[in-house]
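For reference, the chains in residue letters:
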Amino acid sequence: MLELHDAPLAPLTTFRLGGPAARLITATTDAEVIAAVREADDSGTPLLLIGGGSNLVIGDKGFAGTALRIATRGFALDGTNLELAAGEVWTDAVARTVEAGLAGIECLAGIPGSAGATPIQNVGAYGQEVSSTITEVIAYDRRTGETVTVSNAECAFSYRHSRFKAEPERFVVLRVRFGLEDASGLSAPVKYAETARALGVEPGDRVPLEKARETVLKLRSGKGMVLDPEDHDTWSAGSFFTNPILTHEEFAVFHARVAERLGDGVIPPAYPAGDGHTKTSAAWLIDKSGFTKGYGTGPARISTKHTLALTNRGEATTEDLLALAREVVAGVHAAFGITLVNEPVTVGVSL
C-alpha cells in the first residue's frame with residue numbers, strides 16, 4: 001500500500017475541491033482494503049473511502065483521519081455474468097461490456113467514478129439503473145469483521161439509494177456482480193424519451209449497442225456530464241441535487257404553487273414513482289426559480305450547459321460551492337415549497 005501524510009484530496013475529486021487528509025492510503029487489492037479498514041477501526045481513526053471522487057464534497061479544512069483510496073482492478077466476464085472490482089473505472093467497464101456485445105448498462109456510459117460506488121447510489125441515467133442488473137455485491141462488513149455477499153434484494157435499492165447508503169459506516173464494497181443480456185448485439189429496450197428521440201426510435205425499441213452508448217455519451221457531453229479537464233462545466237459532481245419525490249398530496253400543493261407563480265397553463269414535470277408518489281425535476285425547479293444556466297458571478301457557478309450541475313470555475317473553494325448550493329436550495333423552497341437534497345456526499349461540511 002502507498003501511504004502519504006498531509007496529502008491533498010482535491011486532485012482525487014471531480015470538483016477539485018477540499019483540503020488535505022492527515023493520512024492517505026492507496027489500496028490495490030481487496031486484502032489491502034480490508035487491512036486498512038481494520039486498522040482504522042481498531043484504532044478508532046476516522047476513515048474516508050474514496051473511489052473515483054465523483055460524488056464527494058470535501059471541506060476546505062480537509063479530513064483529520066485516514067483517507068483510503070480504493071484502486072483495485074478486476075474485470076471478469078463469464079458468459080453474461082460480469083464481476084468488477086470496486087476500483088474499476090466505471091465508464092471504461094461499460095465500454096468493455098458493449099464491446100463484448102452485452103446489454104444492460106450501455107446507457108450508463110460516461111458516468112464518472114468507480115464501479116464500487118454504483119450500488120451505493122443505485123447509479124442511474126437515461127432509463128437504466130444498476131439495480132436492474134446487479135446480482136450481488138461483495139463487501140466487507142465492518143460490524144462483523146467478515147466479507148459478505150449481499151444479494152440484490154438485500155441491497156434494498158430505491159431511487160439513488162441503497163442499504164449501503166443507509167448504513168454508510170458499515171459496508172465497504174469490494175466487488176460488484178452483474179447479470180447482463182446477450183441480445184445479439186442490440187441494446188436493452190430504450191426507456192428514456194430523450195434517448196429514444198436522439199436515436200430516432202420509439203421507447204421500447206432496441207438499437208445496436210454501440211449506437212446506444214455513443215448517443216448517451218453525446219447527450220451527456222452536451223450537458224457537461226462527461227469529464228473533460230479543459231471544460232470547467234465538468235468540474236462538478238454531475239447532478240448536485242436529486243429529483244424530489246412527492247406524495248400525491250404534496251404534488252397537488254406544488255402544482256398549485258406553480259400555477260400561482262407561473263400561470264395556469266404551466267404543467268410541472270411529473271413521473272410515476274410508485275406507492276402514491278410522483279417524481280418531479282430538480283433541474284426544472286432550479287431553472288424556474290431563476291437559477292438559469294451559468295448563474296453566478298463567483299468562482300462557483302451553475303454549469304453553462306445544465307442547471308443541475310454546480311461547478312468549480314477553477315479558483316473556487318468548497319465554501320464557495322456550498323454558498324451557491326444554499327442559495328439554490330433557499331430559492332427553490334421560497335418559489336415552490338420544495339427542499340432540494342444534495343446527491344454528493346459531504347465530508348466535514350453540510351448544506
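## Side note on the sheet that holds strand S5 (residues 63-70)
Reasoning step 1: Pairing is mixed in the open sheet, where four strands are placed in the order S1-S2-S5-S3. In the strand order of this sheet, the two ends are held by strand S1 (2-8) and strand S3 (47-50), each with one partner. Within this sheet the neighbouring strands show an average axis-to-axis angle of 25°, counted without direction.
Reasoning step 2: Pairing geometry for S3 and S5, over four bridges, is parallel. Bridging across to S5, Leu47 finds its partner in Thr66.
Reasoning step 3: Contacts from helix H1 (residues 30-43) reach strand S2 (20-27), S3 and S5, with the element oriented near 145° to S2.

## Some details on the sheet that holds strand S7 (residues 81-85)
Reasoning step 1: Strand order in the open sheet formed by five strands is S6-S7-S12-S10-S11, with antiparallel pairing between adjacent strands. Two strands in the sheet have a free side with no partner beyond their single neighbour: strand S6 (75-78) and strand S11 (146-151). Recorded for the sheet is a direction-independent mean angle of 20° between the axes of neighbouring strands.
Reasoning step 2: Here S7 runs beside strand S12 (residues 171-179); their pairing, made up of five bridges, is antiparallel. Within the sheet, the bridge partner assigned to Glu83 lies in S12 and is Arg177.
Reasoning step 3: Packed onto the sheet, H1 meets strand S10 (134-141), S11 and S12 and runs at close to 150° relative to S12.

## A closer look at the environment of Arg23
Reasoning step 1: Examined against the element boundaries, Arg23 turns out to sit in strand S2.
Reasoning step 2: Considering only alpha carbons, one finds Arg23 and Gly65, 42 residues apart in sequence, at a separation of 6.3 Å.
Reasoning step 3: When near neighbours in sequence (up to four residues on either side) are disregarded, Arg23 contacts Glu3, Leu4, His5, Glu39, Gly65, Thr66 and Ala67.

Conventions and cut-offs
- Residues numbered from 1 in each chain as written.
- Predicted model: local features only at pLDDT ≥ 70, side-chain atom pairs only at ≥ 80, totals over all residues.
- Heavy atoms only, no water.
- Pairing = 2+ DSSP bridges.
- Helix = DSSP H or I, 4+ residues; strand = E, 2+ residues; numbered from the N terminus.
- Axes fitted to C-alpha atoms, helices over the stretch in contact; angles between N-to-C directions.
- Contact = heavy atoms within 4.5 Å.

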